[in-house]
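In case you want the letters, here they are:
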Amino acid sequence: MSDKAVKVGSGQAWWVWGIGVFAYLVAVTQRTSFGVAGLEATERFDASASILATFSVVQLVVYAALQIPVGLMIDKFGSRRLIIFGAVLMAIGQMLLALATSVPAGLVGRFFVGAGDAMTFVSVIRLISAWFPGYRVPMLTQFTGMVGQLGQLLSLVPFVALLHWAGWAPSFLSLAALCVIAFVLSLIAVRDQPRGTAPLPAGPQAKSLAVLREAWHEPGTRLGFWTHFSLQFTSNVFLLAWGYPFLVSGQGLDPTVASGLMTIFVVVALVFGPLFGAVVSRHPLRRSTLALTIIILIGASWATVLLWPGRAPIAVLVVLMTLVAVGGPGSMIGFDFARTFNAPRIIGTATGIVNVGGFTAALVSVYFIGLILDLQFAAAGGSGELYNLGAFRWALAFQFIPLALGALGIVVTRRKTRAHLAETGVVLVPLLQAIAERRWRRGGHRGI
């Protein structure tokens, strides 16, 4: 390859982004694979609900705990190294899980999967900022999430089919092979930025805490955190741990039907990802309003299903999963807050802070849902079914707590963000007034 400068947004940029997105797709496949293998894992490890939840909790704890360190490392070392190293860690983790026959060994495998997964998405988001002009970033961020969610489809269809046909070890070894492919492609094609461009300023090596404080001090970063916290966790709870058991054991669906219904998450990402990207680009001053609207819809859908007398009809379950799935592309709004309110040199750190939100809420929810299921089973004297509909109703109702907490966080932090913007001369017209006066704002790069 020549030393000639490469233009931002060039053909090579699309290749770099495409391989990065493939690496993220592979990471999502690793992340969601255990959720659809939950019933098989119960038998393989002879595990209770709370122990089964621990597998997902360990993965999520590692993922969430590494987000800020990963953000700092991206600002220091660049995206390429972390994407490559993440693929290696996930391959190791899935190989360990494939061979594990005890709970501790399985948990070590999920630890490595969570660590590798933690390095991938934030790194790809940083690549977008480095390789593409600003006006393309919101849409490409949504497309990254959208294409990445196809990894769910890989875990829901071919992986489940392979699991039932070939068994535990071959299935998880095939996932490790996917990670090896992502490693090789990233090693060959991914570069941190176009050749000939000035390097992005790196955060001070000896002042990581100062960089972290600077990113957190920005109200827009905290607004992004609570946006991601509220919108992303419910889909993680459903996909990583309790959705499949709830549909099969709680709602009495055939496993094949349940797997088919969960592909709704992929379809919704494909439809709403570009839609939200366009809305955020055209109406940046209304991002938090969109986020709060989605939160209300998710809460209403869960309330409907959990209060439904008896098992809910398929149509009602489809609506539930559709609205829960909308939270996935909706949570990408949080990353747009991080991008538009922070200096380029600390975008990786700010993005890591935002990404902590949804996974923190998810790990807490996954654990307490499993704990509540076990407590009800113990209260019944260990008789009856562990995963019955009544038990699931009480356990899954826990999700209303982080939903409410996240909505409150958005309301409080957007007030502070608006006050901060007002100091710079940006005044937000109330939504109803803007609608009445047809004053929807178009373009721009800041707003809430």
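If you're wondering where the values come from, they're calculated on a predicted model, not measured in any experiment.

What counts, and where the lines are drawn
Residues numbered from 1 in each chain as written. Predicted model: local features only at pLDDT ≥ 70, side-chain atom pairs only at ≥ 80, totals over all residues. Heavy atoms only, no water. Helix = DSSP H or I, 4+ residues; strand = E, 2+ residues; numbered from the N terminus. Buried < 20%, exposed > 50% of the residue type's maximum accessible area, 1.4 Å probe, protein only. Contact = heavy atoms within 4.5 Å. Areas by Shrake-Rupley, 256 points an atom, 1.4 Å probe, with all protein chains shown as cover. Core = buried A, V, L, I, M, F, W, Y, C linked by side-chain atoms within 4.5 Å. pLDDT = per-residue confidence, 0-100. Phe/Tyr/Trp six-rings, centres within 6.5 Å; stacked < 30°, edge-to-face > 60°. Expected span 1.5 Å × (residues − 1). Arc of directions from axis to C-beta. Polar contact = N/O pair within 3.5 Å; in protein donor to acceptor, adjacent residues only side chain to side chain. Salt bridge = Lys/Arg side-chain N within 4 Å of Asp/Glu carboxyl O. Axes fitted to C-alpha atoms, helices over the stretch in contact; angles between N-to-C directions. Parallel < 35°, antiparallel > 145°, perpendicular 65-115°, else oblique. Patch = residues over 30% accessible without salt bridge, like charges linked within 9 Å, V, L, I, M, F, W, Y side chains within 5 Å. Left-handed = near helix turned anticlockwise from the far one by under 90°. Nonpolar A, V, L, I, M, F, W, Y, C, P; charged D, E, K, R; others polar. Lys, Arg positive; Asp, Glu negative; His and termini not counted.

Let us now look at the overall build of the protein. In terms of regular secondary structure, the protein is built from 21 helices and zero strands. Relative to its 448 residues, the protein shows a buried fraction of 56%. Considering only contacts within the protein whose residues lie at least 6 apart along the sequence, 84% involve residues at least 24 apart. Looking at the protein as shown, the accessible area adds up to about 17,400 Å², and 70% of this sits on carbon and sulfur atoms.

Core analysis: the biggest nonpolar cluster contains 126 residues, and Trp168, Phe238, Trp242, Phe246, Leu247, Trp302 and Leu373 have the highest contact counts within it. Among the elements that line this core, the one with the most residues is helix α12 (residues 219-250), at 16 residues. If sequence neighbours within four positions are ignored, Trp242 has contacts with Ala49, Ala53, Val237, Val366, Ile369, Gly370, Leu373, Tyr387, Phe392 and Leu396. In terms of nonpolar packing, the next biggest core, distinct from the first, is built from eight residues, Ile74, Leu89, Met119 and Val122 among them.

Before going further, it helps to spend a moment on helix α6 (residues 121-131). Owing to its 3.6 residues per turn, the α-helix aligns residues three or four sequence positions apart on the same side. With respect to burial, α6 is a largely interior element, ten of its eleven residues being buried. When we look at burial in α6, the residues that qualify are Phe121, Val122, Ser123, Val124, Ile125, Arg126, Leu127, Ile128, Ala130 and Trp131.

With 87% of its residues at a pLDDT of at least 70, the protein reaches an overall mean of 82. Taking the mean pLDDT of every element in the protein, the minimum, 49, falls on helix α21 (residues 431-436) and the maximum, 94, on helix α15 (residues 287-307). Contacts for the low-pLDDT stretch residues 1-6, under 50 throughout, to residues beyond four places or in other chains number twelve contacts. Every residue in residues 439-446 is under pLDDT 50, and counting partners more than four places away or in other chains gives 27 contacts.

Turning our attention to the packing of aromatic side chains. Summed over the entire model, instances satisfying the criterion amount to 25 aromatic pairs. Here Phe45 and Trp168 contribute two aromatic rings whose centre-to-centre distance is 5.6 Å and whose plane-to-plane angle is 85 degrees, an arrangement assigned as edge-to-face. Of this pair, Phe45 sits in helix α2 (residues 38-45) while Trp168 is found in helix α10 (residues 168-189), placing the two residues 123 residues apart along the sequence. Accessibility expressed as a relative area gives 7% for Phe45, which makes it buried. For Trp168, a relative accessible area of 8% puts it in the buried group. Taken together through their ring pairs, the aromatic side chains of Phe34, Phe45, Phe55, Phe159, Trp168 and Phe172 make up a single cluster.

Time to look at α10. Taking 1.5 Å per residue, 22 residues should reach 32 Å; α10 reaches 33 Å between its end C-alpha atoms and fits that length. Among all positions of α10, only Trp168, Ser171, Phe172, Leu175, Ala176, Cys179, Ala182 and Ser186 are buried. All buried residues of α10 lie within an arc of 145 degrees about the axis, which places them on one face of the element. On its buried face, α10 sits against α1 (11-36), α2, α4 (79-99) and α9 (158-166).

What follows covers the side chain of Asp117. The residue Asp117 is located in helix α5 (residues 103-118) in this model. One polar contact links Asp117 to Arg31, side chain to side chain, over a distance of 2.6 Å. In this structure Asp117 touches Ala27, Arg31, Gln59, Tyr63 and Met90, once residues within four positions along its chain are discounted.

What follows covers the pattern of salt bridges. Scanning the model with the defined rule gives three salt bridges in all. A salt bridge links Asp336 to Arg339, with the nearest nitrogen and oxygen atoms 3.0 Å apart. Here Arg339 and Asp336 lie together in helix α17 (residues 333-341), a separation of three residues that amounts to about one turn. Assigned by exposure class, Asp336 and Arg339 land together as buried. Among the charged side chains, a salt-bridge network with shared partners connects Arg287, Asp336 and Arg339.

Across the interface, helix α13 (residues 255-262) lies against helix α14 (residues 264-282) with an axial gap of 4 Å and an inter-helix angle of 10 degrees. Taken together, α13 and α14 sit at an angle that is classed as roughly parallel. Only Ile264, Phe265 and Val266 of α14 make contact with α13, whose side of the interface consists of Gly260, Leu261 and Met262.

Another aspect to go through is a nonpolar patch on the surface. A surface patch of nonpolar side chains, amounting to about 360 Å² of accessible area, comprises Ile92, Met95, Leu96, Val108 and Leu173. The dominant element in the nonpolar patch, judged by the number of residues it contributes, is α4, at three residues. Looking at where Ile92 falls in the secondary structure, it is placed in helix α4.

This paragraph deals with the packing of α4 against α10. Taken N-terminus to C-terminus, the directions of α4 and α10 make an angle of 165 degrees; their axes are 8 Å apart at the nearest point. Taken together, α4 and α10 sit at an angle that is classed as roughly antiparallel. The element α4 and its partner α10 pack so that their crossing is left-handed. Across from Arg80, Ile83, Ile84, Ala87, Val88, Met90, Ala91, Gln94, Met95, Leu97 and Ala98 in α4, the residues of α10 making contact are Trp168, Ala169, Phe172, Leu173, Leu175, Ala176, Cys179, Val180, Ala182, Phe183, Ser186 and Leu187. Here the contact of α4 with α10 is built from residues that sort into 20 nonpolar, two polar and one charged.

For Arg222, the position within the fold is in helix α12. This buried residue, Arg222, is left without a salt bridge; Glu218 holds the nearest opposite charge, at 7.3 Å. A polar atom in the side chain of Arg222 sits 3.1 Å from the backbone oxygen of His217. Aside from chain neighbours lying at most four places away, what touches Arg222 is Trp216, His217, Thr413 and Lys416.

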